[in-house]
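A look at the structure
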Amino acid sequence: MADRTDERERTRAGAGTSTVVRGRARLDQPRAPRPRLLPEYDPEAFGRFSERIARFLGTGRFIVWMTLIIILWVVWNIFAPADVRFDEYPFIFLTLALSLQASYAAPLILLAQNRQDDRDRVNLEQDRKQNERSIADTEYLTREIAALRMGLGEVATRDWIRSELQDLMKEMEERRVVFPVEPPYGSDESDRR
């Protein structure tokens, strides 16, 4: 009895190594892995493999190799001696092999296309977000430029000051022509004569 109470106290204090307290699973520790009946596989590895096959099936190299194999198959089964032929004229075994190849190629190509569609969808979403940020930045900069233009409308610029000074210079020259400058009274020039 004393052993049981000591074990309970250690378990409550956290000193025990048991992951179960009074028949309940502890939530602060991960569960032990369960044995699986089916073998595990990596879906990404299978997807990458299907993409490689789909890429190869879409090349000219595959078409050339497939054509050569079919030509050799037909030529062998027509012109070879009768005892070494393995597929007679209707070429049923060739038809079966091509059907089997097509039945596996189509789902692999579809799987590769689905993966590409997923990547494209992610890329489009990122592009859309980037475009939204660019539009927001452009609108912000447009508002800032408009505010600066409004602020500069009230500030004298160098060109405005220059044009005002030129106008004043013209006005002063016009006044000189209309009202010539007379020498001041008591000038030395009048005394010298």
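Throughout what follows, the structure given in this document is the object of discussion.

Topic: the pattern of salt bridges
Where charged atoms from two side chains of opposite charge come close, those side chains can pair. Tallied over the full model, the rule gives 13 salt bridges. Here Arg 128 makes a salt bridge to Glu 125, at a shortest N to O gap of 2.4 Å. Taken as a pair, Arg 128 and Glu 125 lie in helix H4 (residues 92-153) at a separation of three residues, close to a single helical turn. Exposure remark for Arg 128: the relative accessible area of 37% places this residue in the partly exposed category. Taking the relative accessible area as the measure of exposure, Glu 125 reaches 32% and is therefore partly exposed.

Observations concerning the packing of aromatic side chains
Enumeration over the complete set of coordinates arrives at four aromatic pairs. Ring geometry for Trp 73 against Phe 86: centres 5.0 Å apart, planes inclined by 75 degrees, an arrangement best described as edge-to-face. On the criterion of sequence distance, the pair formed by Trp 73 in helix H3 (residues 60-79) and Phe 86 in the loop between H3 and H4 is long-range, its members being 13 residues apart. Look at Trp 73 and you get buried, because its relative accessible area is 15%.

Things to note about the side chain of Ser 50
Of note, Ser 50 is situated in helix H2 (residues 43-57). Here Ser 50 falls in the buried class, since its relative accessible area comes to 0%. Among residues more than four places away in sequence, those in contact with Ser 50 are Leu 108, Leu 111 and Ala 112.

Points about a nonpolar patch on the surface
A surface patch of nonpolar side chains, about 520 Å² in accessible area, is lined by Trp 76, Val 84, Phe 86, Phe 93 and Leu 96. Following the sequence through the fold, Leu 96 ends up in helix H4. In this structure Leu 96 comes out as exposed when scored by relative accessible area, which is 55%.

Topic: the side chain of Arg 115
Its location among the elements puts Arg 115 in helix H4. The exposure class of Arg 115 is buried, given its relative accessible area of 15%. Only 3.1 Å separates the side chain of Arg 115 from the side chain of Glu 51, close enough to count as a polar contact. Dropping the residues within four chain positions of it, Arg 115 is found in contact with Glu 44, Gly 47, Arg 48 and Glu 51.

Notes on H3
An ideal rise of 1.5 Å per residue puts 28 Å on 20 residues; H3 measures up with 28 Å between its terminal C-alpha atoms. Among the residues of H3, Phe 62, Trp 73 and Asn 77 are the ones counted as buried. Projected down its long axis, H3 shows its buried positions confined to an angular sector of 15 degrees, all on one face. Of the residues in H3, the exposed ones pointing more than 90 degrees away from the buried face are Arg 61, Leu 72 and Phe 79. Packing partners of the buried residues in H3 comprise H2 and H4.

What counts, and at which threshold
- Residues numbered from 1 in each chain as written.
- Predicted model: local features only at pLDDT ≥ 70, side-chain atom pairs only at ≥ 80, totals over all residues.
- Heavy atoms only, no water.
- Salt bridge = Lys/Arg side-chain N within 4 Å of Asp/Glu carboxyl O.
- Helix = DSSP H or I, 4+ residues; strand = E, 2+ residues; numbered from the N terminus.
- Buried < 20%, exposed > 50% of the residue type's maximum accessible area, 1.4 Å probe, protein only.
- Phe/Tyr/Trp six-rings, centres within 6.5 Å; stacked < 30°, edge-to-face > 60°.
- Contact = heavy atoms within 4.5 Å.
- Patch = residues over 30% accessible without salt bridge, like charges linked within 9 Å, V, L, I, M, F, W, Y side chains within 5 Å.
- Areas by Shrake-Rupley, 256 points an atom, 1.4 Å probe, with all protein chains shown as cover.
- Polar contact = N/O pair within 3.5 Å; in protein donor to acceptor, adjacent residues only side chain to side chain.
- Expected span 1.5 Å × (residues − 1).
- Arc of directions from axis to C-beta.

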